[in-house]
Amino acid sequence: MSDKISIIVNCFNGEKFLKQCLESINAQTYQNYEVIFWDNKSNDNSKKIFKSFENNRFKYFQSDKFTNLSEARNKALSLSTGDYIAFIDVDDIWFNTKLEEQLFFLKEKNLDITFTNFFTKQEKSKKKKLKK
């Protein structure tokens with residue numbers, strides 16, 4: 001059995017970008033994962049958008065009260081069952097091979113933690129820029 005990855009998605013009123021974020025997770029080539037979606041007291045359509053994804057690996061949790069990001073992530077982490085943890089924010093999207101490639105690199109180099117380069121995209125101008 002391959003290693004399970006717990007993907008932590010913390011959300012507070014993320015409806016503007018949430019669908020794209022979840023689609024990028026759903027499209028991953030690496031399939032042994034769970035999504036721990038921590039709804040940090042959103043008052044928009046985030047819950048409805050999340051629930052529209054019919055994927056039994058997507059698990060929804062709602063906070064009793066709004067908390068800061070570190071506390072919210074810690075609460076979500078306590079619910080995870082994976083061998084590895086990945087974080088994605090609701091306004092981010094992943095290339096479809098992200099989990100597969102990062103897990104391979106992590107294991108090949110015998111590392112405990114990794115992070116990646118990323119692109120930024122300006123919403124109005126649509127310009128992309130690589131950040132290393």
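These notes cover the structure that comes with them. This is a predicted model, so every value here is computed, not measured. Per chain, the residues get numbers from 1 upward, laid out in the order the sequence is written. For this predicted model, a pLDDT threshold of at least 70 governs which residues receive local features, and a threshold of 80 or more governs which side-chain atom pairs are given and counted, while totals over whole chains, interfaces and linings are taken from all residues. Side-chain figures throughout are based on the complete set of non-hydrogen atoms in the structure, without hydrogens or water.

### Let's talk about the overall build of the chain
Numbering of helices and strands runs from the N terminus; a helix is a DSSP stretch of H or I covering at least four residues, while a strand is a stretch of E covering at least two. Of the regular secondary structure elements, the chain holds four helices and six strands. The order of α-helices and β-strands along the chain, N terminus first, is β-α-β-α-β-α-β-α-β-β. For a compact globule the rule gives 2.2 Å times the number of residues to the power 0.38, and the radius of gyration it is set against comes from C-alpha atoms. Taken against the 2.2 N^0.38 rule, which gives 14 Å for 132 residues, the C-alpha radius of gyration of the chain at 15 Å falls within 12% of a compact globule. For the chain, the spread of C-alpha atoms along the principal axes amounts to about 40 × 40 × 30 Å. When burial is assessed residue by residue, the chain has 36% of its 132 residues classed as buried. Any two residues having at least one pair of non-hydrogen atoms within 4.5 Å are treated as being in contact. Excluding contacts between residues fewer than 6 apart, the proportion of contacts in the chain whose partners are at least 24 apart in sequence is 71%. When the accessible surface of the chain is totalled, it reaches about 8,900 Å², and 50% of it is carbon and sulfur. A simple rule labels every residue: compare its accessible area, found with a 1.4 Å probe on the protein chains alone, to the largest value its type can have, and call it buried under 20%, exposed over 50%, or partly exposed in between. Surface accessibility in these figures is a Shrake-Rupley result with a 1.4 Å probe; residues are shielded only by whichever protein chains are displayed.

### Brief notes about the nonpolar core
By size, the foremost hydrophobic cluster in this structure holds 24 residues, and its most contacted members are Ile7, Ile25 and Val35. Mapped onto this core, the elements with two or more residues apiece are strand E1 (5-11), helix H1 (15-26), strand E2 (33-39), helix H2 (46-51), strand E3 (58-62), strand E4 (84-89) and helix H4 (98-108). The term nonpolar core refers to a set of buried residues drawn from Ala, Val, Leu, Ile, Met, Phe, Trp, Tyr and Cys, joined through side-chain atoms within 4.5 Å. Ranked by size, the runner-up nonpolar core spans five residues in total, among them Ile8, Ile36, Ala72 and Ala76.

### Let's talk about the pattern of salt bridges
The term salt bridge refers to a pairing of a side-chain nitrogen on Lys or Arg with a carboxyl oxygen on Asp or Glu at a separation within 4 Å. The full count for this structure, using the stated rule, is six salt bridges. Note that Lys19 and Glu23 form a salt bridge whose closest N and O atoms lie 3.6 Å from each other. Taken together, the residues Lys19 and Glu23, both in helix H1 and four residues apart, mark about one turn of the helix. In this structure Lys19 comes out as partly exposed when scored by relative accessible area, which is 48%. Residue classification places Glu23 among the partly exposed positions, given a relative accessible area of 36%. The salt bridge partner of Glu71 is Lys75, with a shortest N-O separation of 3.9 Å. Of this pair, Glu71 and Lys75 both sit in helix H3 (residues 69-78), four residues apart, which is roughly one turn of the helix. For Glu71, a relative accessible area of 31% puts it in the partly exposed group. A residue is classified by how much of its surface remains accessible, and Lys75, at 33% relative accessible area, is partly exposed. Three or more residues joined by partner-sharing salt bridges are found here, namely Lys4, Glu34 and Lys59.

### Digging into the sheet that holds E2
Here a strand pair is declared whenever DSSP counts at least two bridges between the two strands. In spatial order, the strands read E3-E2-E1-E4; together these four strands make up an open sheet with parallel pairing. With one partner strand each, in any of the chains shown, E3 and E4 form the two edges of the open sheet. Averaged over all pairs of adjacent strands, the angle between their axes in this sheet comes to 25°, without regard to strand direction. One ladder, built from seven bridges, connects E1 with E2; its direction is parallel. In the sheet register, Asn10 faces E2, and the bridge partner there is Trp38. Whenever a helix is involved, its axis is fitted only over the stretch in contact; in every case the axis is a line through C-alpha atoms, and angles between N-to-C directions fall within 0 to 180 degrees. Contacts between H3 and the sheet are confined to E1, E2 and E4, with E1 contributing the most and set at about 145° to the helix.

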